[in-house]
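Okay, here's what each chain looks like letter by letter:
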Amino acid sequence: MGLLDSDSGSLVMSPAERNRSTVLIIESDAAERNNMRTCLRQLGYGGIADAPNHATALERLGERHVTHVIFEAKKTNMPPKEFLHKVLEFGPKIVCIPSSYEPNVDDVFDLLVMGAKGYLCKPFTVETVEAAIVNATKGEPMSEAVLQAKDRNEALVAILMGSLDKAAMIMRQAEKFDTARRELPRAMAAMKRSAELAKTFCKGGEEGLMLAMEKFCIDRSKGPATRLGRLRKRLKTTRASDTEETVSS
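Turning our attention to the environment of Cys121. With respect to the helices, strands and loops of the structure, Cys121 is situated in strand S7 (residues 120-121). Residues Cys121 and Glu102 lie 19 residues apart in sequence; the distance between their C-alpha atoms is 7.2 Å. With residues near it in sequence (within four places) discarded, Cys121 still touches Ser100 and Pro103.

As structure tokens, this is what we get:
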């Protein structure tokens with residue numbers, strides 16, 4: 001579990017962790033590469049390397065230890081999916097972050113499913129680079145519900161509403177317990193991150209997200225939202241039916 005800022009609940013990396021990290025940048029635009037290097041130096045990352053394309057980046061990986069890779073989510077001289085596959089074969093613990101002007105496209109989501117830990121929206125700033133690296137390094141891995149779901153929107157909304165339920169529960173407990181009060185910033189930050197994930201990757205944009213939320217809420221109002229909950233309801237109904245038959249006989 002990552003360190004938290006005690007006031008905002010945001011995940012943080014210590015100066016020592018930053019200093020021990022080496023970030024490899026894959027960016028075809030020279031000016032953008034330089035801007036990224038500048039951002040990373042300002043943020044205190046100890047090692048910075050760059051490459052103009054994916055194939056050259058793979059050569060860089062063989063030359064030095066790398067902890068983070070920020071790479072273009074579009075093809076240079078290699079498809080980004082092939083690049084990510086090779087990076088994770090080379091070092092499964094490397095934190096891989098695709099960057100894109102259109103992070104909502106299916107290709108970026110597919111990279112997350114393959115093992116990328118986050119994403120960086122372009123044009124970037126020092127603040128967005130900071131958030132992308134820290135959340136990818138310290139944040140919870142993407143839920144299996146999203147990775148395996150046939151309906152991406154339904155899974156994203158389920159995660160969002162689950163984090164909302166958790167935050168609401170902790171908020172109620174925080175009125176009585178200090179432990180819950182200390183946990184509240186983390187829960188609120190997690191809810192915010194799940195909302196950003198859903199908004200970014202729901203098919204159909206904001207309209208698709210709203211429709212998925214509407215469907216989820218209607219389904220929940222009709223009965224238990226989980227498979228286990230539905231099973232319990234069926235068992236309860238079956239037991240009640242069996243009892244009625246016993247009494248009548």
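Alright, that's what it looks like, and here's the rest.
Per the counting criterion, the structure on display carries 13 salt bridges. For Arg33, the salt bridge goes to Asp50, with nearest N and O atoms at 3.9 Å. With a gap of 17 residues between them, Arg33 in helix H2 (residues 30-43) and Asp50 in strand S4 (residues 47-51) connect regions that are remote in the sequence. Members of the salt-bridge network, linked through shared partners, are Glu27, Glu72, Lys74 and Lys122.

So, on to the confidence of the model for the chain. Low pLDDT marks regions whose predicted coordinates should not be analysed in detail. Mean pLDDT over the chain works out to 85, with 83% of the residues at or above the 70 mark. This stretch, residues 1-8, has a pLDDT under 50; its non-local contacts, to residues over four places away or in other chains, come to 20 contacts.

All right, on to unusual backbone geometry then. At the junction of Lys122 and Pro123, the peptide bond is cis and its omega measures out at -5° in the coordinates. Within the element layout of this structure, Pro123 appears in the loop between S7 and helix H6 (126-138).

Among the secondary structure elements, Lys166 is positioned in helix H8 (residues 152-174). Taking the relative accessible area as the measure of exposure, Lys166 reaches 47% and is therefore partly exposed. In this structure, the C-alpha to C-alpha distance between Lys166 and Leu184, residues 18 residues apart in sequence, is 9.5 Å.

Attention now goes to the packing of H8 against helix H10 (residues 205-222). Contact geometry for H8 and H10: axes closest at 9 Å, N-to-C directions at 65°. Of the two elements, H8 crosses H10, and the hand of that crossing is right-handed. Between H8 and H10, the contacting residues are Asn153, Val157, Ala158, Leu160, Met161 and Asp165 on the first element and Gly208, Leu209, Ala212, Met213, Phe216, Cys217 and Arg220 on the second.

Counting residues in each nonpolar core, the largest one holds 36 residues, and the members touching the most others are Leu24, Val69, Phe71, Phe83, Cys96 and Phe201. Element by element, the count of residues in this core is highest for H8, at five residues. Excluding residues within four positions of it along the chain, Cys96 makes contact with Val69, Phe71, Leu84, Val87, Leu88, Ala116, Lys117 and Gly118. Val23, Ile48, Ile97 and Ala132 belong to the second largest nonpolar core, which has 20 residues in total.

Turning our eyes to something else, we now look at helix H4 (residues 80-90). Turning to H4, its buried residues number three or more, namely Pro80, Phe83, Leu84, Val87 and Leu88. One face of H4 carries all of its buried residues, which in axial projection span an arc of 125°. Exposed residues lying more than 90 degrees from the buried face of H4 are Glu89 and Phe90. Of the surrounding elements, those touching the buried residues of H4 are strand S3 (22-26), helix H3 (54-61), strand S5 (68-72), strand S6 (95-100) and helix H5 (106-114).

The final tally for this structure, using the stated rule, is three aromatic pairs. Between Phe109 and Phe201, the ring centres sit 5.4 Å apart and the planes meet at 55°, which makes this aromatic pair tilted. Residue Phe109 is found in helix H5, and its partner Phe201 is found in helix H9 (residues 178-201); the two are separated by 92 residues along the sequence. Phe201 carries the same exposure label as Phe109, and that label is buried. Taken together, a centroid distance of 5.0 Å and an interplanar angle of 90° make the contact between Tyr119 and Phe201 edge-to-face.

In terms of burial, S3 is largely enclosed, as five of its five residues are buried. The alternating pattern of S3 places Thr22, Leu24 and Ile26 on one face and Val23 and Ile25 on the opposite face, and all of these are buried. As a crossover connection, the stretch from S3 through H2 into S4 is right-handed. Relative to S5, S3 runs parallel, the two sharing four bridges. The residue of S5 that forms the bridge with Leu24 is Val69.

About the criteria used
- Residues numbered from 1 in each chain as written.
- Predicted model: local features only at pLDDT ≥ 70, side-chain atom pairs only at ≥ 80, totals over all residues.
- Heavy atoms only, no water.
- Helix = DSSP H or I, 4+ residues; strand = E, 2+ residues; numbered from the N terminus.
- Contact = heavy atoms within 4.5 Å.
- Salt bridge = Lys/Arg side-chain N within 4 Å of Asp/Glu carboxyl O.
- pLDDT = per-residue confidence, 0-100.
- Buried < 20%, exposed > 50% of the residue type's maximum accessible area, 1.4 Å probe, protein only.
- Axes fitted to C-alpha atoms, helices over the stretch in contact; angles between N-to-C directions.
- Left-handed = near helix turned anticlockwise from the far one by under 90°.
- Core = buried A, V, L, I, M, F, W, Y, C linked by side-chain atoms within 4.5 Å.
- Arc of directions from axis to C-beta.
- Phe/Tyr/Trp six-rings, centres within 6.5 Å; stacked < 30°, edge-to-face > 60°.
- Right-handed = clockwise from strand over helix to strand, strands pointing away.
- Pairing = 2+ DSSP bridges.

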